[in-house]
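The lines below spell out each chain.
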Amino acid sequence: MANVTFTSPAMKKDLTVYAIAGDNGTLLALAQANQVPVHFECENGECGSCAVQVSVLSDKTPMAISLTEKEKTALKLAGKITQAQITDAEVNDMPPPWRLACQYIVRDEDILVKF
Ligand code: FES
């Protein structure tokens, strides 16, 4: 069970929801299921409109690090990730600050999502 907290000027107050471990749902699907107004267009990792800032809140080793090729490309085009951050994610397991909600698979870790 993971706590996912959404925060945004578009929301009256922060919302923490519980994601079921092993569910393998995307962050966007979790947001939609809980009426969290994360912006999206393609839902396919191509437009970059669902970019969100994700921070890991637990002290455990971050888990949801791997980026899809589509995610890397869309975030690079949007200026939200550098090649150095991609390398850090792939080599050093350092989670990048921006992710695509439609590509991010929620894992069993507590995260803060800003949008
Ligand atoms: Fe288009 Fe996520 S909705 S990249």
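Since the model is a prediction, treat every value here as computed from it, not as a measurement.

Explain the sheet that holds strand β1 (residues 2–7) to me, please; I cannot follow it from the model alone.
Backbone-to-backbone hydrogen bonds join strands into a sheet, with any given pair of strands oriented parallel or antiparallel. If you trace the 5 strands from one edge of the open sheet to the other, you get β2-β1-β5-β3-β4, paired in mixed fashion. Each edge of the open sheet carries a strand with a single partner, namely β2 (15–19) and β4 (98–100). Each strand axis lies, on average, 35 degrees off the axis of its neighbour in the sheet, ignoring direction. The pairing of β1 with β2 spans 5 bridges and is antiparallel. Residue pairing in the sheet places Thr5 in a bridge with Thr16 of β2. Contacting β3 (51–56) and β4, helix α2 (residues 69–77) runs over the sheet at an angle of about 125 degrees to β4.

Please explain the environment of Gly48 as it appears in this structure.
In this fold, Gly48 is placed in the loop between α1 (27–33) and β3. Remark: the alpha-carbon pair of Gly48 and Cys102, spanning 54 residues in sequence, is separated by 9.2 Å. Those residues within four positions of Gly48 in sequence are excluded, and the remaining contacts are Ala74 and Leu100.

Before we go on, may I ask you to explain unusual backbone geometry in this structure?
Most peptide bonds take the trans configuration, and most residues that are not glycine carry a negative phi. The residue Glu43 is not glycine, and still its phi comes out positive at about 60 degrees. Structurally, Glu43 can be placed in the loop between α1 and β3. With phi around 55 degrees, Asp93 is a residue other than glycine that occupies positive phi space. For Asp93, the location among the structural elements is in the loop between α3 (83–92) and β4. On the basis of relative accessibility, which here comes to 44%, the residue Asp93 falls in the partly exposed class.

What is the right way to look at the side chain of Thr5 in this model?
Positionally, Thr5 belongs in strand β1. For Thr5, a relative accessible area of 13% translates into the label buried. Residues within four places of Thr5 in sequence aside, it is in contact with Asp14, Leu15, Thr16, Ile111, Leu112 and Val113.

Is there a simple way to explain the nonpolar core in this structure?
Counting residues in each nonpolar core, the largest one holds 31 residues, and the members touching the most others are Val4, Phe6, Leu27 and Val38. If you list the elements that add at least two residues to this core, you get β1, β2, α1, β3, α2, α3 and β5 (111–114). Sort the elements by how many residues they give to this core and α1 lands first, with 4 residues. For Leu27, the residues in contact, after removing those within four places along its chain, are Val4, Phe6, Val52, Val54, Ala101, Tyr104, Val106, Ile111 and Val113.

What counts and how
- Residues numbered from 1 in each chain as written.
- Predicted model: local features only at pLDDT ≥ 70, side-chain atom pairs only at ≥ 80, totals over all residues.
- Heavy atoms only, no water.
- Pairing = 2+ DSSP bridges.
- Helix = DSSP H or I, 4+ residues; strand = E, 2+ residues; numbered from the N terminus.
- Axes fitted to C-alpha atoms, helices over the stretch in contact; angles between N-to-C directions.
- Contact = heavy atoms within 4.5 Å.
- Buried < 20%, exposed > 50% of the residue type's maximum accessible area, 1.4 Å probe, protein only.
- Core = buried A, V, L, I, M, F, W, Y, C linked by side-chain atoms within 4.5 Å.

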